[in-house]
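# Overview (structure and organization)
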Amino acid sequence: MKKTAEIVVIGGGVIGTSIAYFLSKRGKKVVLVEREDLASGSSGACDIDIILQSKNPGIHLKLAMASAELYKSLSQELDFDIEYENTGGMILIEDEEQLKVMKEFVKKQKAIGLQVDLLDFKEASKLQKGLAPHLVGATYSPQDAHVNPMSLCIGFAQAAAKLGAEISLDTAIVDIKTAKGRVKSVVTNRGEIETETVVNAAGVFAPEICAMVGMSVPIKPRRGQIIVTEPVPKLVMGDVLCAKYIVAKYNPKLLEGSDDPETRLGVGLSLSQTRNGNILIGGCREFVGYNWSTTYEALTTILKHATRLVPALKEIHAIRSFAGLRPYTPDGLPLLGPVEGIEGFIMAAGHEGDGIALSPITGKIISDIILEGKTFIDIAPLSPGRFGNTEKIKAVS
Amino acid sequence: MKEEYICRCEEITREEIEKAIADGATTLSGIKKRTRAGMGLCQGRTCRRLITQMLSKVKDPAEITPPTSRPPVRAIKIGEIVEGEDD
Ligand SMILES: Cc1cc2nc3c(=O)[nH]c(=O)nc-3n(C[C@H](O)[C@H](O)[C@H](O)COP(=O)(O)OP(=O)(O)OC[C@H]3O[C@@H](n4cnc5c(N)ncnc54)[C@H](O)[C@@H]3O)c2cc1C
Ligand code: FES
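Residues numbered from 1 in each chain as written. Chains lettered and ligands numbered in written order. Predicted model: local features only at pLDDT ≥ 70, side-chain atom pairs only at ≥ 80, totals over all residues. Heavy atoms only, no water.

Let us now look at the sheet that holds strand S20 (residues 345-349) of chain A. Residue and element names in this part refer to chain A. What the six strands build is an open sheet, ordered S9-S3-S2-S13-S20-S19; its pairing is mixed. The open sheet has two edge strands, strand S9 (166-168) and strand S19 (335-338), and neither has a second partner. Going from strand to strand, the sheet's axes swing by 20° on average, the running direction of each strand aside. Pairing of strand S3 (residues 30-33) with S9 involves three bridges; the strand directions are parallel. Paired with Val31 across the two strands is Glu166, which belongs to S9. (Pairing = 2+ DSSP bridges. Helix = DSSP H or I, 4+ residues; strand = E, 2+ residues; numbered from the N terminus. Axes fitted to C-alpha atoms, helices over the stretch in contact; angles between N-to-C directions.)

Right, let's talk about the pattern of salt bridges for a bit. Residue and element names in this part refer to chain A. Applying the stated criterion to the full structure yields 28 salt bridges over all chains. Salt-bridge contacts for Glu69 lead to Lys72; the nearest nitrogen and oxygen are separated by 2.8 Å. Linking Glu262 and Arg308 is a salt bridge whose minimum nitrogen-to-oxygen distance equals 3.2 Å. Placement of Glu262 in helix H10 (residues 261-264) and of Arg308 in helix H11 (residues 296-309) is noted, with a sequence separation of 46 residues between them. A relative accessible area of 9% means that Glu262 is categorised as buried. Overlapping salt bridges bring together Arg26, Lys364, Asp368 and Glu372 as one network. (Salt bridge = Lys/Arg side-chain N within 4 Å of Asp/Glu carboxyl O. Buried < 20%, exposed > 50% of the residue type's maximum accessible area, 1.4 Å probe, protein only.)

Residues and elements named next belong to chain A. Under the definition given, this model contains six aromatic pairs over all chains. Consider the rings of Phe22 and Phe156, whose centres lie 6.5 Å apart with planes at 55°: the pair is tilted. Within this pair, whereas Phe22 is found in helix H1 (residues 14-25), its partner Phe156 is found in helix H6 (residues 149-162), the two being separated by 134 residues in sequence. With relative accessibility at 6%, the residue Phe22 sits in the buried group. On the numbers, 5.6 Å between centres and 20° between planes, the contact of Phe205 with Tyr290 is stacked. Of the two residues, Phe205 sits in the loop between strand S13 (198-200) and helix H7 (206-211) while Tyr290 sits in the loop between strand S17 (278-282) and H11, which places them 85 residues apart along the sequence. Using a relative accessible area of 43% as the deciding quantity, one classes Tyr290 as partly exposed. In this structure an aromatic cluster arises from ring pairing among Tyr21, Phe22 and Phe156. Cation over ring: Arg35 sits above Phe205, and NZ or CZ is 4.6 Å from the ring centre. The cationic tip of Lys220 hangs over the ring face of Phe287; the distance from NZ or CZ to the ring centre is 4.3 Å. (Phe/Tyr/Trp six-rings, centres within 6.5 Å; stacked < 30°, edge-to-face > 60°. Lys NZ or Arg CZ within 6 Å of the ring centre and 35° of its normal.)

It is worth spelling out the UniProt feature "transmembrane region" (unreviewed entry) in chain A at this point. Mapped onto this structure's residue numbering, the UniProt feature "transmembrane region" (unreviewed entry) falls at residues 7-24 of chain A. The straight-line gap between the two end C-alpha atoms of residues 7-24 of chain A is 10 Å; of that span, 61% is helix and 22% is strand. (UniProt positions renumbered as here; feature names shortened; annotations may be inferred.)

Let's shift gears to the pairing of strand S16 (residues 270-273) of chain A. All names here are of chain A. Burial along S16 is two-sided: the face carrying Ser270 and Ser272 and the face carrying Leu271 and Gln273 are both buried. By the bridge criterion, two bridges tie strand S15 (residues 239-242) to S16 in an arrangement that is antiparallel. When the bridges of S16 are listed, Val240 appears paired with Leu271. By the bridge criterion, four bridges tie S16 to S17 in an arrangement that is antiparallel. Paired with Gln273 across the bridge in S17 is Ile279. Turn length for the S16-S17 hairpin, with the two strands adjacent in sequence and antiparallel, is four residues, and the turn residue Gly277 shows positive phi of about 100°.

All right, on to unusual backbone geometry then. When glycine is set aside, most residues are seen to have a negative phi, and most peptide bonds are trans. All names here are of chain A. Note the cis peptide between Gly282 and Gly283, where omega equals -15°. Secondary-structure assignment places Gly283 in the loop between S17 and H11. Positive phi, normally seen in glycine, also occurs at Asp170, with a value near 60°. With respect to the helices, strands and loops of the structure, Asp170 is situated in the loop between S9 and strand S10 (173-179). Of note in this structure, Glu352 is not a glycine but carries a positive phi near 40°.

All names here are of chain A. Counting residues in hydrophobic clusters, the biggest one holds 53 residues, and the most contacted among them are Val9, Ile19, Leu63, Tyr71, Val199 and Ile365. Of all the secondary-structure elements, those providing two or more residues to this core are strand S2 (7-10), H1, S3, helix H2 (59-71), helix H3 (74-78), H6, S20 and helix H12 (355-372). Discounting chain neighbours no more than four positions away, the residues touching Ile365 are Leu63, Leu336, Thr375, Phe376, Ile377 and Ile379. Leu131, Ile281, Leu303 and Val310 belong to the second largest nonpolar core, which has 44 residues in total. (Core = buried A, V, L, I, M, F, W, Y, C linked by side-chain atoms within 4.5 Å. Contact = heavy atoms within 4.5 Å.)

Following this line, the structure appears as C-alpha cells:
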C-alpha cells in the first residue's frame, strides 16, 4: 500500500527538523525523511554559535535577530535541553584597516537595531582573557548566544514526533514524481509516499533533490575545519570571532590566488567553548567539493592564526579535529520558499555558515508560507528563482 | 540499582545508551550525538567496544561503521603544534 503524507520534509539537519517541528505544532501531518541519521550532515559538524554580529546588515541580520528571539524560549517549548545560553560575543580587530571596515559594519548593524559596540583593547581584555597585546580592539554584542546543534536537531525531531510527525531515519529520497507541474509523490528506497508538498531541506545535497524535478541551484559545499580541545575551565567568553572571518565570509574573491596559506584557506577565527568545557577552534572556508576530510595544513594554519590572537590557547591540548560542509550560495542568503513552475516544491536550503542561527526562523517562515502563503518579512530576496534557475522546469512542464 | 557506566570518560550509563538506540541511533556516531559517549578524553578507546556490542542487537555488526578518527591521534599541546611548524 502506498503511504501518504500531507507534507514531506527532506533532511534531518537543523533546518529540516525545525520545519518539521513548526509544521507539526500547527497541526500539519509531516513525514521527515533522512537518509542517514539526525544531524549526520553539516548540522553535526559545525560550531555552536548563534551569532548576530557576523551577519550582513540587511535581511540577513533581520532574519538572525528574529531567530534569536525564538531561541530564548525554545528549550522550554521543546521540553528538551538544547544547551542554549545567551553568552554575548565579540569580533577581534587586529589593525587600523580592519577597524575601518568594522566601524562601518557596526554602524549599519546598529541602524537595524542590533546592540553592538566598539571596544578598545583594555575593554576587550576585560571580557576575554589572554588576548594578544597587538590587537587594537573588538566589537561586542550582548545578544550573541550558543546552542548545541546536535541536541537542537534531536530536540526538534522529538518534539515534532510528539505532535504526530513521523521521523523516518535511514530512508533516502531517490526520486520525486510530478504531473502537470505539480508534485505528486516522493520515491524512497523504502517505498513511495504520495504527497502534494515537499520541502527540500537537504543542505549541501539540496542540488541532488532539485535535479529530481529538473531544477538547478547554485548551492555549493564550502568546507570548514575545526579543532577540539580537552575540556578546560571557562576560558572563552562566548562567541569570539576575528574581523578576518568577516572578510573570508563575504569576500571569497579577495582570497583567491593568494600564496599565504591563511588567506588561501579562508582562515578566520571562531572560538567557542561547549558546556562540557571543550574549546572549538575554527575555522576555514574552502571549496573542495563534497570532501569531509581534515587536512594537516588547515589544522596548523588555523591554530597559528588562533594563537596569534589568543596566545593563552597554546597551553591547552588539542584532542580531535573535524570538517563540515557549509551550504554556500553566491549571495550568502538561503533559498527559501516555493519554486515557481513546480507547485508543491518548496526550498529551504543554502544557509552557509548560519544555518544554526537561522534554524528556528526558517522553520517559522516555511510553516507560514505553507499555511498562509505569506510571512512576516518580504522574502523576495530569498526566492529560489533569483539565480534564474527555473527556466528549465518551465521547459519540461 | 547501581548505575552501570559504559563510557567512563563522559559518565554515560547503559540506560542512556539504550535510550539513544530506542530513539533511532544505529551507529556509533548516532550514539555519540545523542549521549556524548565516545567524546571523552580517551576518544572512545574504552567504551567503543561495549557500545558496538549494544548496537549489534539492532544492527548487523558488519554494518557498524567505526567513527571517524581525526587527527591529532593523541592529545597534543597546541603550543607544540604551532611551534613545531616553524622549525
Ligand atoms: C565548520 C562549520 C562551522 C559552522 N558553524 C556554524 C555556527 O557556528 N553557527 C551557525 O549558525 N552555523 C554554522 N555552520 C553552518 C551550519 O552548520 C549549516 O548552515 C547547517 O547545519 C545547515 O543545516 P541543514 O539542515 O540545511 O543541512 P544538513 O545538516 O546537512 O542536513 C541535510 C540532511 O539531508 C540529508 N539528505 C541529503 N540527501 C538526502 C536524500 N536524498 N534523502 C534523505 N535525506 C537526505 C542529509 O543526510 C543531511 O542529514 C557551520 C558549518 C560548518 C561546516
Ligand atoms: S570511555 Fe568513552 S570516551 Fe573514554
